[in-house]
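These are the residues of each chain, in order.
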Amino acid sequence: MPETLPALPAPCAPEDARRVACIGAGVIGGGWAAHFLARGYDVTAWDPAPDAEEKLRRLVAAAWPALEQIGLAEGAAPNRLTVAGTLAEAVADADFVQESAPEKLELKRALLAELTAATRPGVVIASSTSGYPMTDMQTATGDAGRLVVGHPFNPPYLIPLVEVVGGERTDRAAVTWASRFYEVAGKSVLTMDRELPGFIANRLQEALWREALHMVANGEASVADIDASITEGPGLRWAFMGPCLTFALAGGEGGMAHMLDHFGPSLKSPWTRLEAPELDRALRDAMVEGCAEAAGDRGYADLVAARDQGVIDVLRATGRLGGTTR
């Protein structure tokens, strides 16, 4: 990002923000809406789909029991959600905007340009993009200084992480404002020093996913084997200690240095294949069938409930539920 940029004329401090606009109300946008509602904000949402409001309110209702377990902010309520008829109406009095449109670059560019024109001057606009650098998305607007990436993990109302980074034309003050806002809103914020396609967590997740696809494609492991290898193994450690520190412990008292000295040569072993396999019909069917077998007679709602409860249990067990009021 440029070294010298004017200060962002934000209409309020991050701590004073009260109304959030959620643009796009699908799984991610709806999850964001549920999160902000639970944290005591007024939320105005907009989505062009004709059935968007019905689906959004259904999503918030489904998420609310889990959010009640975590603990709601004072005054938090689903009825503080408003669904606007137009984008301009949705952002008219917003203190912060969370954009969660589909992952189509030209759509993102046009929508972010429209949002900068419709919002009050200085309001920070964050994109939930899962992979596009903001530099590539902010090309169609002349007011790009307040555009940042605020990349969540699904479901946004339970997974704490949000990765924040600006583009080449982003004002540093916008990144600082957004990071602080997310902290006040109860998120665990990772403010990145520079842009990276896919950001940090998605790149790590994608490497694991590609290796899983290779093993299924080659008949080396089943879907059930792969999932169990994580949930019964390293996933239990990753819930509270990342891969680097986990590996450091493998070095005993010598830490990472001993670990690398001892296990470093294994990096030359053919343990991984980082190029993605051809996602042909056979591989696709194997993945779909394997997941169907794993789900058994549990429907989507049952699986979502089980996942949400599992995340809550892990967060509670590792002492990461934290405060619940702003």
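Conventions used here
Residues numbered from 1 in each chain as written. Predicted model: local features only at pLDDT ≥ 70, side-chain atom pairs only at ≥ 80, totals over all residues. Heavy atoms only, no water. Buried < 20%, exposed > 50% of the residue type's maximum accessible area, 1.4 Å probe, protein only. Helix = DSSP H or I, 4+ residues; strand = E, 2+ residues; numbered from the N terminus. Pairing = 2+ DSSP bridges. Right-handed = clockwise from strand over helix to strand, strands pointing away. 1 Å grid on protein atoms, 1.4 Å probe; cavity = no way out; pocket = protein on both sides within 12 Å on 5 of 7 lines; lining within 4 Å. Points joined across faces, edges and corners; volume = space filled by probe spheres on them. Nonpolar A, V, L, I, M, F, W, Y, C, P; charged D, E, K, R; others polar. Contact = heavy atoms within 4.5 Å. Core = buried A, V, L, I, M, F, W, Y, C linked by side-chain atoms within 4.5 Å. Expected span 1.5 Å × (residues − 1). Arc of directions from axis to C-beta.

### Regarding the pairing of strand β4 (residues 96–99)
On a regular strand, each side chain points to the face opposite its neighbour's, so the side chains alternate between the two faces of the sheet. Neither face of β4 is left uncovered, since the one carrying Phe96 and Gln98 and the one carrying Val97 and Glu99 both have all their residues buried. Pairing between strand β1 (residues 19–23) and β4: four bridges, direction parallel. Looking across to β4, one finds that Ile23 is bridged to Glu99. For the segment spanning β4, helix α4 (residues 105–118) and strand β5 (residues 124–127), crossover handedness is right-handed.

### Digging into the layout of surface pockets
Quantified by volume, the second largest pocket comes out at close to 570 Å³. Residue lining of the second largest pocket: 27 residues in total, with Leu59, Ala62, Tyr157, Tyr300 and Val304 positioned closest to the centre. Where the lining of the second largest pocket is concerned, the elements lending two or more residues are α2 (52–70) and α13 (300–317). If one sorts the elements of the lining of the second largest pocket by residue count, α2 sits on top with ten residues. Along the lines of polarity and charge, the residues of the lining of the second largest pocket split into 17 nonpolar, four polar and six charged.

### A few points about the side chain of Ser100
Along the chain, the position of Ser100 falls in the loop between β4 and α4. Ignoring any residue separated from it by four or fewer positions in sequence, one finds Ser100 in contact with Ile23, Gly24, Ile28, Gly29, Trp32, Lys108 and Ser128.

### Describing the nonpolar core
Where a protein is soluble and globular, its nonpolar side chains tend to be buried together. Counting 42 residues, the largest nonpolar core has Cys22, Phe36, Phe96, Phe181 and Tyr182 as the members making the most contacts within it. Mapped onto this core, the elements with two or more residues apiece are β1, α1 (27–38), β2 (42–46), α2, β5, β7 (161–166), α6 (172–184) and α13. Residues in contact with Tyr182, not counting those within four places in the same chain, are Trp32, Phe36, Phe96, Gln98, Ala126, Gly150, Val162, Val164, Lys187 and Val189. Trp46, Ala84, Leu112 and Val165 belong to the second largest nonpolar core, which has 23 residues in total.

### Examining α13
Look at α13: 26 Å from first C-alpha to last across 18 residues, which is about the 26 Å you get at 1.5 Å a residue. For α13, the complete set of buried residues consists of Val304, Asp308, Val311, Ile312 and Leu315. Angularly, the buried residues of α13 cover 100 degrees about the axis, an arc narrow enough to put them on a single face. Taken from the residues just after α13, Gly319 is the one with a positive phi, measuring 70 degrees.

### A short note on the environment of Ala77
Considering the arrangement of structural elements, one finds Ala77 in the loop between α2 and β3 (81–83). Sequence-wise, Ala77 and Asp261 are 184 residues apart; in three dimensions their C-alpha atoms are separated by 54 Å. Among all residues touching Ala77, those that are not within four sequence positions of it are Leu37 and Trp64.

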